[in-house]
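Geometric and topological summary
Letter by letter, the chains look like this.
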Amino acid sequence: MFANLLSQTQRRQREVELEQQREIQRLNADPYDPDAQRRIEEYIREQAVLENMAHALEYTPESFGRVTML
């Protein structure tokens, strides 16, 4: 059961990654389209937020919960 669930999760993750790659290729096909520019900007902003979150979780995890040992 666990192996089945794991394979389904991995399959969904691969599908999401493929869809993101397709969207990036579609947006790069016409870089002067205003809608594509907005979506590219939004994608860059989302990536920056995810990087900031990963950085915060790595270096200051105590800011996301209670520290009762002090």
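All values derive from a computational prediction rather than experimental measurement.

Moving on: the pattern of salt bridges. Scanning the model with the defined rule gives six salt bridges in all. Residue E19 is joined to R22 by a salt bridge in which the shortest nitrogen-to-oxygen separation is 3.6 Å. One end of the pair is E19 and the other is R22, both in helix α1 (residues 2-29) and three residues apart, which spans about a single turn. Under the relative-accessibility criterion, E19 is labelled partly exposed at 44%. Here R38 ties to D35 by a salt bridge, and the two come within 2.8 Å at their closest N and O atoms. Here D35 and R38 lie together in helix α2 (residues 34-59), a separation of three residues that amounts to about one turn. Taking relative accessible area as the criterion, D35 reaches 49% and is therefore assigned partly exposed.

It is worth spelling out the packing of α1 against α2 at this point. In the contact formed by α1 and α2, the axes pass within 9 Å of each other and the chain directions differ by 135°. Here α2 runs oblique to α1, going by the angle between their axes. Seen along the crossing, α1 lies across α2 with a hand that is left-handed. Seen from α1, the contacting residues are E23, I24, L27 and N28; seen from α2, they are A36, R39, I40 and Y43. Among the residues forming the contact of α1 with α2, the class breakdown is five nonpolar, one polar and two charged.

Quick look at a nonpolar patch on the surface now. A surface patch of nonpolar side chains, amounting to about 290 Å² of accessible area, comprises M53, L57 and F64. Position of L57 among the secondary structure elements: in helix α2.

Residue L57 is classed as partly exposed on the basis of its relative accessible area, which comes to 46%. Note: C-alpha distance between L57 and M1 (56 residues apart in sequence) is 31 Å.

Note on placement: N28 falls in helix α1. Residue N28 is classed as partly exposed on the basis of its relative accessible area, which comes to 49%.

Before going further, it helps to examine the environment of R11. One can find R11 in helix α1. Classification of R11 by relative accessible area gives partly exposed; the value is 40%. As a C-alpha pair, R11 and T68 span 57 residues in sequence and 40 Å in three-dimensional space.

Definitions and cut-offs
- Each chain has its residues counted from 1, following the order in which its sequence is written.
- Only residues with pLDDT of at least 70 get local features here, since the model is predicted, and only at 80 or more are side-chain atom pairs given and counted; chain-wide, interface and lining totals rely on the full set of residues.
- Side-chain measures were taken over the full set of non-hydrogen atoms in the model, leaving aside hydrogen atoms and water.
- What makes a salt bridge here is a side-chain nitrogen of Lys or Arg within 4 Å of a carboxyl oxygen of Asp or Glu, nothing more.
- What counts as a helix is a DSSP run of H or I of at least four residues, what counts as a strand is a run of E of at least two, and both are numbered from the N terminus.
- Think of it in three bands: with a 1.4 Å probe and only protein chains considered, a residue is buried below 20% of the maximum accessible area for its type, exposed above 50%, and partly exposed in between.
- Orientation is described by axes fitted as lines to C-alpha atoms, over the contacting stretch for helices, and by angles from 0 to 180 degrees between their N-to-C directions.
- Just so you know how the angles are binned, under 35 degrees is roughly parallel, over 145 roughly antiparallel, 65 to 115 roughly perpendicular, and the rest oblique.
- Each crossing gets its hand from how the near helix is turned against the far one by less than a right angle, where anticlockwise is left-handed and clockwise is right-handed.
- Here, two residues are considered to be in contact whenever any of their heavy atoms come within 4.5 Å of each other.
- Just so you know the grouping, Ala, Val, Leu, Ile, Met, Phe, Trp, Tyr, Cys and Pro go in nonpolar, Asp, Glu, Lys and Arg go in charged, and all remaining residues, Gly too, go in polar.
- Like charges are joined within 9 Å and nonpolar side chains (Val, Leu, Ile, Met, Phe, Trp, Tyr) within 5 Å, but only among residues with over 30% relative accessible area and no salt bridge; these make up the patches.
- Accessible areas in this description were obtained via Shrake-Rupley with a 1.4 Å probe; residue shielding takes into account the shown protein chains only.

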